[in-house]
Amino acid sequence: MGFRLRCESLDRLPIVSDGRLLLDLVSDRFDTFLDRANRGAAAKSRRSLINRYLLMNVKHGQFYTKERPVGDVAIPRVVAFALLAAIVWIANFWYSASFGLYEDDWVRIPTIIGLSWEQIFHKIVFDTGFQGRPFHDGLIFLFSFLGIKLGGLPYAYAIGFAIVTINAWLFYLLLEKLYGDPIFTWTGSLAFCLFPADTTRDYLTHSLGIQPSLAFLLIAFHCYLSRFKKLSYLIVFLCLVSYEPLVTVFFVAPLFNRKWDAKLPRELVKHSLVLIAVIVSAGILRKLVGENQISNFTPQSVMLLVLNPIFGSITSLAMLIYRPIETLLKLNGELLLFCIPAGLIFSSLLFSFKIKPLAQVFSLRTFDRSKRFAKLPSILKPYAKPLLTGASALVLAYPLAMTTFGFAMSGRTARVHVAAIVGTSILAACLCSVILNVANKHGRKRLAIFGLAGMFALLIGFGLRVQQDYQLMWQHQRGFWTDVVRLCPDVTEGTVIFVEPTGLRDTRQPIPFREPRGVSDPKQIKGIEWELPHVMAHIYQFPTQWEWQPQLYRLQSNWRSKIAAERDLLHVSAAIDWITEPEMKREVASTNVIFLETTNGRLTRRTKPLVIGDRQFALKQLSLSELPQFEKKYLYNYLIQKPNEQPIDYLIK
């Protein structure tokens, strides 16, 4: 029985007549085919042939090179990149010109404003790593410095957009390299760009500090699959010192190999041992330098280590369904202007590809003989490899995410899902491919395509809603600090401003089992909370010789039971839960305290003594005769409203 072989290099592949070769090709065991067809060929030549002729098929008794099926439209890579960039921009950065600084941003980004190139280099090298992540802080400093140098905060957000876009492109290339099916590649890439579980890509601290770690992970995958395995471990180490929860996803790298054979378990063990050694070495180093997250490993950390892979995986997948439904129920005219065109574009994209069975690309024929997947539904068997790979990547996204709960859905705590984007997107691609194949067999192709396009369009709508929360929170901060500057022009050395919280929204991050405190809005990003003591120093330039610069604190709801100290002193520790050790012990004279409270829907300054039990504390009184004049710093114009601007309503009515 003879077969004719058509390829680009006939001199390397002789005509063969071994009937077993047909079985090897059909079984997606091309390496075995080359081994039998080229006995004695050099290993290097065989590897070259494998790379050049992996996509081969059998038809009418002839071997031939596989070509693009009729009906598929080839999308140029430039167009693909532009489309992915547009999706990322609209879903995450469309309103970024009206974004500001939030929470952790206030601790890092203002500190680089006005530095020289020499100073920023010194800061990146020596002023990072207090969490054991030197690249995390260093990249935030570097990229925000470059953005502000180029033209201000909007340019810093533009750099964040570029990083997120690069990640989307790297993932698109990864799926294209691994599976080669356009529907699988594009649905997975859309899920990646619009990943709804992690809502922090708009947040500068994360887009500049965590997204680069995701880029390192994706680059490491590409290196591993391109026979640069040693380099991949070096790059994944960069991921480890940028944001370590992403590192565990790299355990699945061997599963991305197209060929699963008897060598796979050995490769998995070897790869895992090397990666564990890298992680343990980094952990020991962080322990030796006294990094707090390693040193403060608590029973809660152990609980999250066990439970987050379960609850986090469920939450990450559930958001693909919940967020489109939530957005559909809250659609308005503004969202429709984006969702309808997006749905039409996504529909056209999916209609341009031919729906075909993918058994030869994805099947686990190597394992069929052992009946390991005999119970898998027939419709899922062609996707067994990506299903297992995606599920493994999803579960492995959570073991090191031990600082928050895996079922977090909103706010900064949603960063717990950042590493789940790889596994979730692969599983989403499998699900979309299955839906389209089943629908195509039953004559419901159009319905399936419109349904999936609608889902992705609604995810764009959800991304816009997240951005609107960022807009709203920045406006709340601007309104609040404009009132503070107006009410407190007489701050001096050591002045403390206490804000009574009754009229303020509950702007704490959503944490399970914590009692709510008033209205929680917006939900996706917070402010006017723990970061407040850091802000005053970024509005005005206070004298450097002052031991204590003026600071503002939002009081806790039970402040009355904590604030009174000896004599006429007040405890700063009555303010917020998270303050530094010196602040925790600090007591301040009441006559140097400004007390702000909400009266008749407006923030006002209290002039009467503060009554605590049977004690009265005289407060700092406003004196207009000797008002200090401080130089306004860079962020003043961003944060403080101009006199002719409409006042911003940020208080609870």
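For the structure itself, consult the block above.
Small disclaimer: the values here were computed from a predicted structure and weren't measured.

Chemist: So what's going on with the overall build of the protein? Which residues, and what values?
Modeler: Looking only at helices and strands, the protein has 24 helices and 13 strands in total. For the protein, buried positions account for 54% of its 653 residues. Here the contacts in the protein between residues at least 6 apart in sequence split such that 75% fall between residues at least 24 apart. Approximately 30000 Å² of the protein is accessible, and the part contributed by carbon and sulfur atoms is 61%.

Chemist: So what's going on with the packing of helix H7 (residues 134-150) against helix H8 (residues 153-178)? Which residues, and what values?
Modeler: In a packed pair of helices, the relevant descriptors are the angle between the two axes and the axis-to-axis distance. Orientation of H7 relative to H8, taken along the N-to-C sense of each, is 130°, at an axis distance of 6 Å. Classified by the angle between their axes, H7 and H8 sit oblique to one another. In this structure, H7 crosses over H8, and the sense of that crossing is right-handed. In this structure, H7 contributes Phe143, Ser144, Leu146, Gly147, Ile148 and Leu150 to the contact, and H8 contributes Leu153, Tyr155, Ala156, Ile159 and Ile163. In terms of residue class, the contact of H7 with H8 is built from 9 nonpolar, 2 polar and no charged.

Chemist: How would you summarise the sheet that holds strand S4 (residues 496-499) if you had to cite specific residues and measurements?
Modeler: The strand order S6-S4-S9-S10 describes an open sheet built from 4 strands, whose pairing is mixed. For this open sheet the edge positions go to strand S6 (551-554) and strand S10 (602-605), each flanked by a neighbour on one side alone. On average, each strand axis in the sheet is tilted by 25° relative to the strand beside it, whichever way the strands run. Relative to S6, S4 runs parallel, the two being bridged by 4 bridges. Looking at S6, one finds that valine 499 is bridged to arginine 554.

Chemist: Mind laying out a nonpolar patch on the surface, listing which residues take part and the relevant values?
Modeler: Residues Val302, Met303, Leu305, Val306, Leu307, Ile310, Phe311, Ile314 and Phe407 make up a contiguous nonpolar surface patch of about 730 Å² in total accessible area. Of note, phenylalanine 311 is situated in helix H15 (residues 299-329). Residue classification places phenylalanine 311 among the partly exposed residues on the basis of a relative accessible area of 37%.

Chemist: Please set out the nonpolar core residue by residue, giving values where relevant.
Modeler: If you look at the biggest cluster of nonpolar residues, it comprises 159 residues, and the most contacted ones within it are Phe221, Phe250, Val422, Phe480 and Trp481. A per-element tally of this core places helix H21 (residues 445-487) first, with 20 residues. Residue contacts for phenylalanine 221: discarding those within four places in its chain leaves Leu174, Val249, Phe250, Val252, Ala253 and Phe256. Of all hydrophobic cores here, the second largest spans 16 residues; its members include Val496, Val572, Val588 and Leu619.

Chemist: Talk me through the pairing of S4; I want residue IDs and the actual numbers.
Modeler: Of the two faces of S4, the one lined by Val496 and Phe498 and the one lined by Ile497 and Val499 are each fully buried. Of the pairings in the sheet, the one linking S4 to strand S9 (residues 593-599) comprises 4 bridges and is parallel in character. Paired with phenylalanine 498 across the strands is phenylalanine 595, a residue of S9.

Chemist: Describe in detail the environment of leucine 255, supporting the description with residues and values.
Modeler: Along the polypeptide, leucine 255 turns up in the loop between helix H12 (229-240) and helix H13 (264-288). For leucine 255, a relative accessible area of 13% corresponds to the buried category. Residues leucine 255 and glycine 390, 135 residues apart in the sequence, show an inter-C-alpha distance of 9.4 Å. Contact partners of leucine 255, with chain neighbours within four places excluded, come to Trp260, Leu264, Leu268, Thr389 and Ser392.

Chemist: Lay out the packing of H15 against H21 in plain terms, naming residues and giving numbers.
Modeler: Viewed as axis vectors pointing N to C, H15 and H21 meet at an angle of 75°, and their least axial separation amounts to 8 Å. Between H15 and H21, the angle falls in the class roughly perpendicular. On H21, the residues that touch Leu320, Arg323, Pro324, Glu326, Thr327 and Leu328 of H15 are Met455, Leu458, Leu459, Gly461, Phe462 and Arg465. Residue composition of the contact of H15 with H21, grouped by class: 7 nonpolar, 2 polar and 3 charged.

Chemist: Could you give me a rundown of helix H20 (residues 421-441), with the residues and numbers involved?
Modeler: Compared with the 30 Å implied by 1.5 Å per residue over 21 residues, the 30 Å span of H20 between its first and last C-alpha is a close match. With 16 of 21 residues buried, H20 lies mostly within the body of the structure. Phi turns positive one or two residues past the end of H20, at glycine 443, with a value near 70°.

Chemist: Describe unusual backbone geometry, naming the residues involved and giving the relevant values.
Modeler: Positive phi values are uncommon outside glycine, yet arginine 227 reaches one of about 65°. Considering the arrangement of structural elements, one finds arginine 227 in the loop between helix H11 (211-225) and H12. Phi at asparagine 600 is positive, roughly 55°, even though this residue is not glycine. Examined against the element boundaries, asparagine 600 turns out to sit in the loop between S9 and S10. Classification of asparagine 600 as exposed rests on a relative accessible area of 78%.

Criteria and cut-off values
- Residues numbered from 1 in each chain as written.
- Predicted model: local features only at pLDDT ≥ 70, side-chain atom pairs only at ≥ 80, totals over all residues.
- Heavy atoms only, no water.
- Helix = DSSP H or I, 4+ residues; strand = E, 2+ residues; numbered from the N terminus.
- Buried < 20%, exposed > 50% of the residue type's maximum accessible area, 1.4 Å probe, protein only.
- Contact = heavy atoms within 4.5 Å.
- Areas by Shrake-Rupley, 256 points an atom, 1.4 Å probe, with all protein chains shown as cover.
- Axes fitted to C-alpha atoms, helices over the stretch in contact; angles between N-to-C directions.
- Parallel < 35°, antiparallel > 145°, perpendicular 65-115°, else oblique.
- Left-handed = near helix turned anticlockwise from the far one by under 90°.
- Nonpolar A, V, L, I, M, F, W, Y, C, P; charged D, E, K, R; others polar.
- Pairing = 2+ DSSP bridges.
- Patch = residues over 30% accessible without salt bridge, like charges linked within 9 Å, V, L, I, M, F, W, Y side chains within 5 Å.
- Salt bridge = Lys/Arg side-chain N within 4 Å of Asp/Glu carboxyl O.
- Core = buried A, V, L, I, M, F, W, Y, C linked by side-chain atoms within 4.5 Å.
- Expected span 1.5 Å × (residues − 1).

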